[in-house]
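Residue-level listing of the chains:
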Amino acid sequence: EDYPLLKKNEKNANIRVVLVPNTLGADISYTFGYNHVDPVKREIFWDKRFRQALSLAIDREEVNETVFFGLAVPRQATVQSTVSFYKPEWGDKHPFARYDPNRANKLLDEMGLDKRNADGIRLRPDGKPLKLTILFGGGHSALQTAAHELTKEYWEAVGLDIEISAVEGNVLNQPAQETYTMDVFARTH
């Protein structure tokens, strides 16, 4: 997050600012609670149309410009593009790595999440509002938090009730591995 300030003052401070290429396939990715204790959420998470819809609902170009100063490569989370076996359809050419909220809404409707409450929140098959919490580790940068906040906005725009929650250390493992109440885990690298 200090990159613009450092780059601006490169000459005055007699320093050279260089971005080191990331060795990971993505800076941020989202994983759903496939073993969720709530059978309705579990069924929703296992439906690939749900995951496809939420992927299509994210405006990766806007996240890149707003959060990463236009320096990132908007793509699906996968292996680094420099590996010999990489295929573009896994990353930046992935069919669900583009921004298409209309298609996202259609997929959610197709899977039976087509009813909404008075606030516009999609209703689960049991009639309850579809509320999800995005959990992420607390020690992350303000930029990563900003990316999660944008994702919250995108997913709310397609009718989900989203909360984001930063948690520390082992507390993050509790909903995922002990109580099976984790909705969405945000991996930030």
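In case you missed it, the structure is sitting above this.
Residues numbered from 1 in each chain as written. Predicted model: local features only at pLDDT ≥ 70, side-chain atom pairs only at ≥ 80, totals over all residues. Heavy atoms only, no water.

A. Up close: the nonpolar core. Y30, F50, L54, L108, L132, W155 and L160 are the most contacted members of the largest nonpolar core, which totals 34 residues. For this core, the elements supplying multiple residues, two or more each, are β1 (28-32), α2 (39-46), α3 (48-56), α4 (60-67), α5 (101-110), β2 (131-137), α6 (142-157) and β4 (184-188). Tallying contributions element by element places α6 first for this core, with five residues. Leaving out residues up to four positions away in the same chain, W155 has contacts with Y30, F32, L54, A57, I58, I134, L160, I162 and V184. (Core = buried A, V, L, I, M, F, W, Y, C linked by side-chain atoms within 4.5 Å. Buried < 20%, exposed > 50% of the residue type's maximum accessible area, 1.4 Å probe, protein only. Helix = DSSP H or I, 4+ residues; strand = E, 2+ residues; numbered from the N terminus. Contact = heavy atoms within 4.5 Å.)

B. Expanded view of the environment of K7. Its location among the elements puts K7 in helix α1 (residues 3-8). The class for K7 is partly exposed, based on a relative accessible area of 35%. In the structure, K7 is positioned eleven residues away from V18 in sequence and 8.7 Å away in space, judged by C-alpha atoms.

C. Local environment of the packing of aromatic side chains. Within this structure, the stated rule accounts for nine aromatic pairs. Seen in terms of ring centroids, Y99 and Y154 are 6.2 Å apart; in terms of plane orientation they differ by 55°. Their pairing is tilted. A residue pair is termed long-range when its members are at least 10 positions apart, and Y99 in the loop between α4 and α5 and Y154 in helix α6 qualify at 55 residues. Since its relative accessible area comes to 42%, Y99 is described here as partly exposed. Judged by relative accessible area, Y154 falls into the buried class, the value being 8%. Taken together, the ring pairs in this structure connect Y30, F32, F45, F50 and W155 into an aromatic cluster. (Phe/Tyr/Trp six-rings, centres within 6.5 Å; stacked < 30°, edge-to-face > 60°.)

D. Looking closely at α5. Along α5, the residues that are buried comprise A104, N105, L107 and L108. Burial along α5 is one-sided: seen end-on, the buried residues are contained in an arc of 160°. Opposite the buried face of α5, by more than 90 degrees, sit the exposed residues N102 and K106. Where α5 is buried, its residues touch α3. Downstream of α5 by one or two residues, G112 has phi in the positive range, about 95°. (Arc of directions from axis to C-beta.)

E. Representation of the pattern of salt bridges in the model. As enumerated under the stated definition, the model contains twelve salt bridges in all. Note that K7 and E10 form a salt bridge whose closest N and O atoms lie 3.2 Å from each other. Judged by relative accessible area, which is 17%, E10 ranks as buried. R124 is paired through a salt bridge with D38; the nearest N and O atoms lie 2.7 Å apart. (Salt bridge = Lys/Arg side-chain N within 4 Å of Asp/Glu carboxyl O.)

F. Just a nonpolar patch on the surface, in detail. Together, L19, F69 and L71 make up a nonpolar patch on the protein surface, roughly 260 Å² of accessible area in all. By the secondary structure assignment, F69 is in the loop between α4 and α5. Residue classification places F69 among the partly exposed residues on the basis of a relative accessible area of 35%. (Patch = residues over 30% accessible without salt bridge, like charges linked within 9 Å, V, L, I, M, F, W, Y side chains within 5 Å. Areas by Shrake-Rupley, 256 points an atom, 1.4 Å probe, with all protein chains shown as cover.)

G. View of the packing of α4 against α6. Running from N to C, α4 and α6 point in directions that differ by 150°, and their axes come no closer than 10 Å. Like other packed secondary-structure pairs, α4 and α6 cross with a definite hand, here right-handed. Residues E62, V63, T66 and V67 of α4 lie in contact with α6, whose contacting residues are L143, A146, A147, L150 and Y154. (Axes fitted to C-alpha atoms, helices over the stretch in contact; angles between N-to-C directions. Left-handed = near helix turned anticlockwise from the far one by under 90°.)

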